[in-house]
Amino acid sequence: GILDWLFDSQNIHRVTEIVDAENMASIHLLKSLNFKQEGHFIENIFFKGKWGSEFQFAMLKREWKNN
């Protein structure tokens, strides 16, 4: 529902998500929605006393419509 609203009502062209590389539930969710992994940021964020890595995922409006 949120992606339909963003792409249709708000006319957004592209949606991006950045997730912790250890957050497997979020990674699986994004992949199940056909988001594409575009980046892997290695040790780019200092959080709770340690360096963490993140993945960037994205989807274009036309990709969502073709799902």
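Look above for the structure.
Every value quoted in this text rests on a predicted model; they were computed, and no experiment measured them. (Residues numbered from 1 in each chain as written. Predicted model: local features only at pLDDT ≥ 70, side-chain atom pairs only at ≥ 80, totals over all residues. Heavy atoms only, no water.)

**Q** For the packing of aromatic side chains, give the residues involved together with the corresponding values.
**A** By the definition in use, this model includes three aromatic pairs. On the numbers, 5.1 Å between centres and 65° between planes, the contact of Phe46 with Trp51 is edge-to-face. Taking 6.5 Å as the distance between ring centres and 80° as the angle between the ring planes, the aromatic pair formed by Phe55 and Phe57 counts as edge-to-face. Each member of the pair, Phe55 as well as Phe57, carries the same accessibility label: buried. (Phe/Tyr/Trp six-rings, centres within 6.5 Å; stacked < 30°, edge-to-face > 60°. Buried < 20%, exposed > 50% of the residue type's maximum accessible area, 1.4 Å probe, protein only.)

**Q** Hey, could you go over helix H1 (residues 2-9) for me, with residue numbers and the actual values?
**A** Along H1, the residues that are buried comprise Leu3, Leu6 and Phe7. One side of H1 holds all its buried residues, which, seen down the axis, span an arc of 85°. Residues of H1 that are buried sit in contact with strand E1 (14-20), strand E3 (50-60) and helix H3 (61-65). (Helix = DSSP H or I, 4+ residues; strand = E, 2+ residues; numbered from the N terminus. Arc of directions from axis to C-beta. Contact = heavy atoms within 4.5 Å.)

Function cannot be inferred from these measures alone, as they are strictly geometric.
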